[in-house]
Amino acid sequence: MKTYPIVVALFIAFLLTGCTVGPNYQRPVVQTPQSSRSPEPQSAAQAESVADLKWFEVFKDEQLQELVRTALVQNYDLRDAVARVHGARANLGIVRSNQFPQVDAGGDLQFRRTSRDGSLPLPATFIPSQNRTFGEATLNLLSFEVDIWGRLRRATEAARANLLDAEENRKAVATTLVSDVASAYFSLRELDYELEISKRTLGTRQSSLELIRNRQGGGVATLLDLRQGEQLVYTASETIPALQQEIEQTENRITLLLGKNPGEVVRGRGLTEQEFPPEVPTGLPSALLERRPDIRAAEQALVAANAQIGVAKAAYFPQISLSGFLGGQSTQLATLFNGPHSAWSFVPQVTQPIFTAGRLKSNVRLAEAERESMLIQYEKVIQTAFTEVSNALIAHQRLRESRVQQEALVTALQDRTRLAYVRYTGGVDTQLNALDADRDLFQAELALSQIRLNELVSVVQLYKALGGGWQ
């Protein structure tokens, strides 16, 4: 019967936890465009998006897939993001625990010997035994703040939003990691292709130089012709060490993304063998709000900031806490838990701020300002997402058009170079035309290789901008 006050107090406390101060979160209204800006209309495929595909369905190179899988396990930034998720989850558990009563147990046992020869000596009749024991055992039944105004619930709401924010940031890091690995891999394959072009061109020019030497020995070619031929050979050979340097440094960049020591990267398909879906529809722009992890992370940050306003406003109201214990005290351990030696306590406490020199009002204003800042960041992230999608889509379509024209140019220059050397060998034309054609072809082939890389990277950037793989 003596525990009834505690039970009644708990019942009343839970009944009083129905009010929550502060604004409830509502998603802000954001104006989204009807379609993504691009050189070609996307209306025919508005309902679908390339971002609905998983990354391994977009990147078909098996070796690239293996690199991405390794990076998703070993990359340092992603592992740090996972650790932050674990920390946010633990913090939610800590904050949420404040909403519930805290129960613990404690006890002590004291052994004491009293001296008969103290400042007031006492006869043995008064102290039959100099050795005494004193025991105490308690069960703290209650340590609880009555969350009438919702301060603890708002704090839990903010902690839960921070957890979701960390989880979405982890997905954003993973999305960025996949795109970084793919872009670096395509850059590596493009450098390999440039190196192949340079070596092939060097071989052709060395053969031409040998022909010029023979013609000079026969008195047909001049020393100027010889020096011009040597110039082309040295120009082609000079690019090879520079390309090898870039290749090795790009390999190191990829291994860093993979969380490995610097080393060689195993290749898969060549630059011209890479394939992507023939069409890259973007889908509805409004779908970015649900698909892109960084947008969802920004919204969760806004949710957390909104909940902190309630925490700040709740500080205006009384803070009610309850505490109590049930236990026993006795000078004899055998009777420690007997009824006459039992003890209990129930202590309600109310704390009401009266004068804080504007601190509470300033806390509310600070929380409101932080929410306004998070709202601005949320809107900025959305607009940035629309811009990134548009830029990537424009780049992909314009680069595709540029590649088609550059391929035609390379084909024409290849034929021109062939004809120029035939005419030069036959003595019909000067060497200058053949050398100019060779030089133009070399530069055009390198430019075509770079355009192909940029086209591949534009698809990677578009897939990332659309929030690919995380719908």
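The model shown is predicted, which means the values in this text are computed figures rather than measured ones.

**Here we look at the overall build of the protein chain**
Then, in step 1: Broken down by element type, the protein chain carries 10 helices and four strands.
Then, in step 2: Written out in order from the N terminus, the α and β elements of the protein chain read α-α-α-α-β-β-α-α-α-α-β-β-α-α.
Then, in step 3: Residue burial in the protein chain is summarised as follows: out of 471 residues, 41% are buried.
Then, in step 4: Put simply, of all contacts in the protein chain between residues at least 6 apart along the chain, 84% involve residues at least 24 apart.
Then, in step 5: Surface summary for the protein chain: the accessible area is close to 25600 Å², and the carbon and sulfur share equals 55%.

**Some words on the environment of Ala-221**
Then, in step 1: Its place among the elements puts Ala-221 in the loop between helix H5 (151-217) and helix H6 (223-257).
Then, in step 2: The exposure class of Ala-221 is buried, given its relative accessible area of 9%.
Then, in step 3: When sequence neighbours within four positions are dropped, the list of residues in contact with Ala-221 reads Ile-212, Arg-215, Gln-216 and Tyr-424.

**Quick word on H5**
Residue pairs spaced three or four apart in an α-helix point in one direction, given the helix's 3.6 residues per turn.
Then, in step 1: End to end, H5 covers 96 Å across 67 residues, agreeing with the expected 99 Å (1.5 Å per residue, within 8%).
Then, in step 2: Downstream of H5 by one or two residues, Gly-219 has phi in the positive range, about 80°.

**Quick notes on the side chain of Gln-274**
Then, in step 1: Counting through the fold element by element, Gln-274 comes out in the loop between H6 and helix H7 (288-291).
Then, in step 2: Side-chain polar atoms of Gln-274 contact the side chain of Asp-61, separated by 2.9 Å.
Then, in step 3: Only 3.3 Å separates the side chain of Gln-274 from the backbone oxygen of Gly-270, close enough to count as a polar contact.
Then, in step 4: Ignoring sequence-local partners within four residues, the contact set of Gln-274 consists of Asp-61, Tyr-185, Phe-186, Arg-269 and Leu-456.

**Brief notes about empty space enclosed by the protein**
Over the atoms rolls a probe the size of a water molecule, and in doing so it shows where empty space is left.
Then, in step 1: For the structure shown, the criterion picks out one cavity of 30 Å³ or more.
Then, in step 2: When its volume is computed, the largest cavity comes out at roughly 30 Å³.
Then, in step 3: Each residue belonging to the lining of the largest cavity can be placed in one class, and the counts come to five nonpolar, three polar and one charged.

**Description of the nonpolar core**
Then, in step 1: Phe-59, Leu-64, Val-181, Phe-186 and Ile-295 are the most contacted members of the largest nonpolar core, which totals 68 residues.
Then, in step 2: Put simply, the parts of the chain that give this core at least two residues each are helix H2 (55-58), helix H3 (62-74), H5, H6, H7, helix H8 (293-314), helix H9 (359-425) and helix H10 (431-465).
Then, in step 3: The leading source of residues in this core is H5, at 14 residues.
Then, in step 4: Apart from the residues within four sequence positions on either side, Phe-59 is in contact with Leu-64, Gln-65, Val-178, Ala-182, Phe-186, Phe-276, Val-460 and Tyr-463.
Then, in step 5: Membership of the second largest hydrophobic core comes to seven residues, among which are Ala-88, Ala-159, Leu-163 and Ala-166.

**A few points about H6**
Then, in step 1: Across its 35 residues, H6 extends 52 Å between first and last C-alpha, which sits within 8% of the 51 Å expected from 1.5 Å per residue.
Then, in step 2: Looking one or two residues beyond H6, the residue adopting positive phi is Gly-259, at roughly 70°.

**As for unusual backbone geometry**
Then, in step 1: Phi at Ala-357 is positive, roughly 60°, even though this residue is not glycine.
Then, in step 2: Inspection of the secondary structure puts Ala-357 in the loop between strand E4 (342-351) and H9.

**So, the side chain of Asn-75**
Then, in step 1: Among the secondary structure elements, Asn-75 is positioned in the loop between H3 and helix H4 (76-97).
Then, in step 2: A polar atom in the side chain of Asn-75 sits 3.0 Å from the backbone nitrogen of Asp-77.
Then, in step 3: A polar atom in the side chain of Asn-75 sits 2.8 Å from the backbone oxygen of Leu-257.
Then, in step 4: Once residues within four sequence positions are removed from consideration, Asn-75 is found in contact with Thr-70, Leu-177, Leu-256, Leu-257 and Leu-258.

**Section: the layout of surface pockets**
Then, in step 1: Looking at the largest pocket, its volume works out to about 310 Å³.
Then, in step 2: Forming the walls of the largest pocket are 16 residues, and the residues nearest its centre are Gln-274, Phe-276, Arg-403, Glu-455 and Leu-456.
Then, in step 3: When contributions to the lining of the largest pocket are tallied by element, the ones reaching two or more residues are H9 and H10.
Then, in step 4: For the lining of the largest pocket, the class distribution of residues is seven nonpolar, three polar and six charged.

**Quick word on the confidence of the model for the protein chain**
Then, in step 1: Across the protein chain, the average pLDDT comes to 82, with 81% of residues at 70 or higher.
Then, in step 2: When mean pLDDT is taken per element in the protein chain, H3 scores highest with 94 and helix H1 (residues 4-15) scores lowest with 50.

**Describing the environment of Arg-89**
Then, in step 1: In this structure, Arg-89 sits in helix H4.
Then, in step 2: Residue classification places Arg-89 among the partly exposed residues on the basis of a relative accessible area of 43%.
Then, in step 3: Sequence separation of Arg-89 and Ala-159 is 70 residues, and the distance between their C-alpha atoms is 8.3 Å.

**A look at the packing of aromatic side chains**
Then, in step 1: Counted by the stated rule, this structure contains five aromatic pairs.
Then, in step 2: An aromatic cluster is present here, built from Phe-59, Tyr-185, Phe-186 and Tyr-463 joined pairwise through their rings.

The rules behind the values
- Residues numbered from 1 in each chain as written.
- Predicted model: local features only at pLDDT ≥ 70, side-chain atom pairs only at ≥ 80, totals over all residues.
- Heavy atoms only, no water.
- Helix = DSSP H or I, 4+ residues; strand = E, 2+ residues; numbered from the N terminus.
- Buried < 20%, exposed > 50% of the residue type's maximum accessible area, 1.4 Å probe, protein only.
- Contact = heavy atoms within 4.5 Å.
- Areas by Shrake-Rupley, 256 points an atom, 1.4 Å probe, with all protein chains shown as cover.
- Expected span 1.5 Å × (residues − 1).
- Polar contact = N/O pair within 3.5 Å; in protein donor to acceptor, adjacent residues only side chain to side chain.
- 1 Å grid on protein atoms, 1.4 Å probe; cavity = no way out; pocket = protein on both sides within 12 Å on 5 of 7 lines; lining within 4 Å.
- Points joined across faces, edges and corners; volume = space filled by probe spheres on them.
- Nonpolar A, V, L, I, M, F, W, Y, C, P; charged D, E, K, R; others polar.
- Core = buried A, V, L, I, M, F, W, Y, C linked by side-chain atoms within 4.5 Å.
- pLDDT = per-residue confidence, 0-100.
- Phe/Tyr/Trp six-rings, centres within 6.5 Å; stacked < 30°, edge-to-face > 60°.

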